[in-house]
Amino acid sequence: MNTFFAERNVDIYRLEIRAHYDALSDKQKLYAHWMSRAAFGGARIILRQNAAEAEAIFDLIMALYRHCGGDWGALGQSAGVADAEIQYFLEYSSMFLANLGNYAAFNKQKFFPRIQQTAFAALVGQVPGGTAPFQKTLDAVYSGTNPSLGYPNVDLELFSNYYPDSKILTREEVADVQQILESNSIYTENTRLRTSNQADGSLNHTVLIASMDISKEAAVKLNPTPQTHNQMQRGLSVVKGDHSDCMERIIGCLENAKKFAANSVQSEIIKAHQKGFKCGEMASQKEAQALWVGDKAPKVEALLGFLEYYRDPHGVRAEWRGFVLIENQPQTLLFKKLIENSQTVILSLPWNDHGRSPFEVDEYKEPGFVSMEALTFVSTSIPAGTNVPNHKDIRVDHGYKNFAIRNRLIDAPPGKVSFLSEGDSQLYAKLSSRAFSMLIALHELFGHGSGKPLGETSPGEFNFNIDDLPRNPLSGAPIESWYKPGQTFMSVFGWSYEECRCELVGLFLSLVPETASLFLEPNDADSVDDIIYIIFLYVMRQGILGLLAWNPVTKNWGNAHARARYAITTVLLQEGIGGIELVGPNGMDIEISLDRPKLCSKGRTVLGDLLKKLHIYFCTADKAGVKLYDDLSTMSAEMQQYRVIVEKSTTQTQLVQANTFVENGTVILREYDPTPAGMIQSWAERNI
């Protein structure tokens, strides 16, 4: 086993929010406070989704903090543990809390503390009650079993707590269960699936639905569909009450937030959330998301629920996510020209070269794109941009919201940037924030906002003319495939494919002069060519940094975005637009380069051709796209060599979030030191 230890000397930053928070009214602060409390109320759900032992590890870290009051040096002295070992403990705890579990969000691999188990046990021994109550947890921390996330397979040492207690569960078996649930109109975003062996050797599947209400085991019986009956001679039942304690706490926080809603729409959003979290029905939770889309331009944006599919190997069960964002109006205004020209921009995409095609949304509603500052973001990672909701029916019927999360963007520090030349480092430090903002806007607005998956929406009903099939622009012939009832782009292609398509949309549009010019101000001091150059350099650098998301044991990717950027980097290298060279003593460093003339002369054609293929496959559910993407993202021997170098010189950034507290009717904001100790204190004071 390739042991993945908690990272050392990590860059930790504070998620700066003070200035924007102070500008809120008292009522807005109280609304933001209670919505934040509701979001954090789901943190234990994420822990349980991460690993069976994660919640107990969290409680152990919190117990140690409460015992020593954050005086870690004193705890080490009383336990006879050296300062170096204390630092190892703090670094492990900070990484654990940043990922809300002991499996890293970036690569889905289990990470281990550098502190010796005997030293860790000595620290725990200082807590009243001693080590005995925590022994099982300590053993789990250091256990080398199940080092990677994936479809549960005890032989391959893969596991997922979306499928708790399941020893071996194949993709096909999960798909069978999914088909049965879909045929019974049961959504799976807020579920987990437990599989147990029966006395007769058969398997019994129990679907666990997150809800405050609790139902008895096997309360609802479902019959297999004709398509799966022969494959699934086993029981299937549905049980409510998973995460019941969290749901109850969240509902209570929402009740308090409702008192400070800015308008009747926000009140209705909260009511729909409460109903959905109480009974476990995703229909009510989807109603809340649809209402939320209609709450136009509030100063405080808040959404929570089972929203993102990154962790579930099957891509149908969603991780809890809750966020509270505050608008940065001056930054929002910078995107005004882009929004005003959005109808023209989308028609410049390569499948719309003769006007709006059958593979584009019927009506591209003028999108919103708001620059926000995150007060609270409860998730295994904090993105720099987001486009929500993810449900396609909500997006078509009601629309969606696009956000850039400004305080998530960390400016490149001055000096040499890893894997870049001195000259490129200077330009990167100057323009990386601006370049990334441009890429995020194009990715979110016109990547996730474009495309029409053609399908049979219900038996005999199609969202295209089945009697006059659209012509496939790749072959010139009528399309031969489309989505069947119950199929989604996630179940056919997976999330990483979509992220690659959207990133390509952003890169392609950045090379369209009319689009790129929309990001410039009159008398702008920065060159648009330099900004585009840094955009591509950023994506290539992320493609190389993302090598760490590839698991050399399972040969799988653990991060959707990393895989997408690796695939794009592969194409740029193959076309001679990008280059990678081994440099430094004994060739133990990497330098990334871009050929500017080639980027200008062939970049748009190369990326446009690839984007068009991925998009048409995506719209027609053509699994040729799966093979193409698998080929592009297959790890080469050369890249594996680069991965070894990257592994020795790269760590993942961590972010420490503020807390709010109500004291004598007034909300106060408390920020924390950007250190491992500050990370632990911030979570301890949330009292979840």
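See the structure shown above.
(A) How the structure looks around the pattern of salt bridges. Here the structure, examined in full by the defined rule, presents 30 salt bridges. A salt bridge links Lys-258 to Glu-255, with the shortest nitrogen-to-oxygen separation between them at 3.2 Å. Of the two residues, Lys-258 and Glu-255 are both situated in helix H11 (residues 244–258); the distance of three residues between them amounts to about one turn of the helix. You can call Glu-255 partly exposed: its relative accessible area is 39%. Residues Glu-498 and Arg-501 are paired through a salt bridge, measuring 2.9 Å at the closest nitrogen-oxygen approach. Here Glu-498 and its partner Arg-501 are both found in helix H20 (residues 495–510), three residues apart, which amounts to about one turn of the helix. Across the pair, Arg-501 and Glu-498 agree in class, each one buried. Ionic contacts of the salt-bridge type, sharing partners, join the residues Arg-44, Arg-48, Glu-55, Asp-59 and Asp-245 into one network.

(B) Molecular detail of the side chain of Asn-190. As for its position among the elements, Asn-190 is in the loop between helix H9 (171–183) and strand E4 (191–197). Looking at Asn-190, the relative accessible area reads 3%, which means it is buried. A polar side-chain atom of Asn-190 sits 2.9 Å from the main-chain carbonyl oxygen of Gly-280. If sequence neighbours within four positions are ignored, Asn-190 has contacts with Leu-208, Ile-209, Ala-210, Gly-280, Met-282, Gln-285 and Phe-306.

(C) Up close: the environment of Asn-352. Looking at where Asn-352 falls in the secondary structure, it is placed in the loop between helix H16 (342–346) and strand E10 (369–378). Overall, the relative accessible area of 1% leaves Asn-352 in the buried class. The residues touching Asn-352, leaving out its near neighbours within four places in the chain, are Ile-346, Leu-347, Ser-357 and Glu-360. At 3.0 Å, the side chain of Asn-352 forms a polar contact with the side chain of Glu-360.

So, how was this worked out
- Residues numbered from 1 in each chain as written.
- Predicted model: local features only at pLDDT ≥ 70, side-chain atom pairs only at ≥ 80, totals over all residues.
- Heavy atoms only, no water.
- Salt bridge = Lys/Arg side-chain N within 4 Å of Asp/Glu carboxyl O.
- Helix = DSSP H or I, 4+ residues; strand = E, 2+ residues; numbered from the N terminus.
- Buried < 20%, exposed > 50% of the residue type's maximum accessible area, 1.4 Å probe, protein only.
- Polar contact = N/O pair within 3.5 Å; in protein donor to acceptor, adjacent residues only side chain to side chain.
- Contact = heavy atoms within 4.5 Å.

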